[in-house]
Amino acid sequence: MAKANRRNIDLLGNPVEYEVRHSADASEPRIDVDIHGVTVVVPEDDDVQHTELLKENAAWVVDQQRKYDAYREQVPDRTFEAGEWFPFLGEDRELVIEPRQKHGVDEDSIRLRKSAVEQSSIKQVLENFYRSRAREYLTDRTDHYAERMGVKYEKLELRNQRTRWGSCSTGGTISLNWRLIMAPPDVVDYLVVHELAHLTEQNHGGDFWRLVGKYVPEYKEKAEWLEQNSAKLIFSEEDL
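As the structure is a computational prediction, the values presented were derived from the model and not from experiment.

Conventions we followed
Residues numbered from 1 in each chain as written. Predicted model: local features only at pLDDT ≥ 70, side-chain atom pairs only at ≥ 80, totals over all residues. Heavy atoms only, no water. Pairing = 2+ DSSP bridges. Helix = DSSP H or I, 4+ residues; strand = E, 2+ residues; numbered from the N terminus. Axes fitted to C-alpha atoms, helices over the stretch in contact; angles between N-to-C directions. Contact = heavy atoms within 4.5 Å.

Q: Any chance you could explain the sheet that holds strand β11 (residues 173-177) here in plain terms?
A: In a beta sheet, neighbouring strands pair by backbone hydrogen bonds and run either parallel or antiparallel. The strand order β9-β11-β10 describes an open sheet built from 3 strands, whose pairing is mixed. The open sheet has two free edges, formed respectively by β9 (155-159) and β10 (166-168), since each of these has just one partner strand. On average, adjacent strands in this sheet sit at an angle of 15 degrees to one another, irrespective of strand direction. Sheet topology places β10 next to β11; 3 bridges connect them, and they run antiparallel. From the neighbouring strand, Ser167 faces β11, where its bridge partner is Ser175. Across the sheet, helix α4 (residues 122-149) touches β9 and β11, and the angle it forms with β9 is around 145 degrees. Across the sheet, helix α5 (residues 185-197) touches β10 and β11, and the angle it forms with β11 is around 155 degrees.

In structure tokens, the structure reads:
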């Protein structure tokens, strides 16, 4: 079992809290930095000087930590109640709870069935709504581009990965993050084309990007939007 210890160090004048993990799977020491902090991962029974490792990579660690601190500050402080605004396909819509036959969405609002909310919670019902609409919309867009690109995928899976928006397995499974339903349609299309392109080109070489560009000419702009705005697509703190 992995062992964890919280420690502190000063790197380039910046206080950094970090964790040391001993892992049997690690073949060499490494530093991981993510939304949760800094972790030094070292092989079992390896007498690694983790402070020296951090000092040798101080500039990179501090830069990564600042990036994630800025990312955390951009995460919306969502309140799950009627009258709040939530994004759906790139446009903010007011959340409405009302007696109705089924959930719906229009140009200005997301409308949830009151009886469903009363039996659960606004947060859970809204997430279920998003997931359902994501399944429909992402399946439609994936089928659309698969036909245009002349490729076949095995199946489409919806996931909720913290830092990844999509992936394509060697077996042909396309995985997309359900939170993409909050992004603009052209950004969604870019992600779909990106993953479908991996059915033809498995790496990110020149041929891969030429293929992506054939169907999404402004793919660099879409990728940049996602990098700069991904925090806006955080549904709740559990996604962090």
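Having seen it, we continue.
Q: Quick question: what am I supposed to make of unusual backbone geometry here?
A: The general pattern is negative phi for most residues beyond glycine and trans for most peptide bonds. Notably, Leu12 is not glycine yet its phi reads approximately 55 degrees, a positive angle. Here Leu12 shows up in the loop between β1 (3-11) and β2 (14-23). If you check the backbone angles, Leu89 has positive phi at about 50 degrees while not being a glycine. Secondary-structure assignment places Leu89 in the loop between β5 (85-88) and β6 (91-98).

Q: Is there a simple way to think about the environment of Gly150 in this case?
A: Along the chain, Gly150 falls in the loop between α4 and β9. For Gly150 and Thr200, which are 50 residues apart along the polypeptide, the C-alpha to C-alpha distance reads 9.8 Å.

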